[in-house]
Amino acid sequence: MPNDEACVREEAAGGVSRRTFLTAGIVVLGGAISALLGATGLSYFISPAFKKDEEDWVDIGRASDMKPGAPLKVDFVARKRDAWVVTEKRSSAWVSTDGKEFTVFDPRCTHLGCPYRWDQAREQFLCPCHAAVFDAKGQVVSGPPPRPLDRFAAKVVEGRLLIQPQAIKGAA
Ligand code: FES
């Protein structure tokens, strides 16, 4: 064939034949595509391990909906990612604000974990299980709890109130 003869003549003359050049090009291109796909796939599989901190924050509503005065009980769904498994857990929090700062309380009593409620007339949190009383700042007024109400970290981002629903133990 004339093309084969031309290739042999080019190689014999010490040059690179068109066939060799094309073969090398295909190998290089194939390698580049494989590397790109491999890197994309690898990042998909390992990226959940690096997303944990961002996903710990839960959006519980507009900050402007939380008014000073009576604490507001807010229900929310916390999504927790453990590598590739996402679990959902319904929970709630008590949100108190002075109009500037937000304090978010864990809804479980620090004695044995019963849910407590806000009594507007007394302006106190009351736990029905063993008659604990907490003031509006979560301090123990009376009863068996060993420490004030636990809190959740909170911040406002673009008008939304975000919390981290892992209890921060109240300082005694
Ligand atoms: S669980 Fe609240 S007082 Fe015991």
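Residues numbered from 1 in each chain as written. Predicted model: local features only at pLDDT ≥ 70, side-chain atom pairs only at ≥ 80, totals over all residues. Heavy atoms only, no water.

### With respect to the layout of surface pockets
It is a probe the size of a water molecule, rolled over the atoms, that shows where empty space is left. Its boundaries defined by the atoms lining it, the largest pocket holds a volume of some 360 Å³. Taken together, 20 residues make up the lining of the largest pocket; nearest its centre are Ala78, Lys80, Lys89, Pro165 and Gln166. With five residues, strand β2 (residues 72-82) is the single largest residue contributor to the lining of the largest pocket. Classifying every residue of the lining of the largest pocket by side-chain character gives seven nonpolar, three polar and ten charged. Its volume calculated, the second largest pocket comes out at about 200 Å³. Lining the second largest pocket are 13 residues, and of these Ser96, Thr97, Thr103, Ala136 and Lys137 lie nearest its centre. Put simply, the parts of the chain that give the lining of the second largest pocket at least two residues each are β3 (85-97) and β4 (102-105). Residues of the lining of the second largest pocket, tallied by class, amount to four nonpolar, four polar and five charged. (1 Å grid on protein atoms, 1.4 Å probe; cavity = no way out; pocket = protein on both sides within 12 Å on 5 of 7 lines; lining within 4 Å. Points joined across faces, edges and corners; volume = space filled by probe spheres on them. Helix = DSSP H or I, 4+ residues; strand = E, 2+ residues; numbered from the N terminus. Nonpolar A, V, L, I, M, F, W, Y, C, P; charged D, E, K, R; others polar.)

### Here we look at the packing of aromatic side chains
The final tally for this structure, using the stated rule, is six aromatic pairs. A ring pair is formed by tryptophan 94 and phenylalanine 125, whose centres lie 5.6 Å apart and whose planes are at 70 degrees; its orientation type is edge-to-face. Separated by 31 residues along the polypeptide, tryptophan 94 in strand β3 and phenylalanine 125 in strand β6 (residues 124-127) bring together distant segments of the chain. Of the two residues, tryptophan 94 and phenylalanine 125, neither departs from the other in class, the shared state being buried. For the ring pair tryptophan 118 and phenylalanine 125, a centre distance of 4.8 Å and an interplane angle of 65 degrees mean the geometry is edge-to-face. (Phe/Tyr/Trp six-rings, centres within 6.5 Å; stacked < 30°, edge-to-face > 60°. Buried < 20%, exposed > 50% of the residue type's maximum accessible area, 1.4 Å probe, protein only.)

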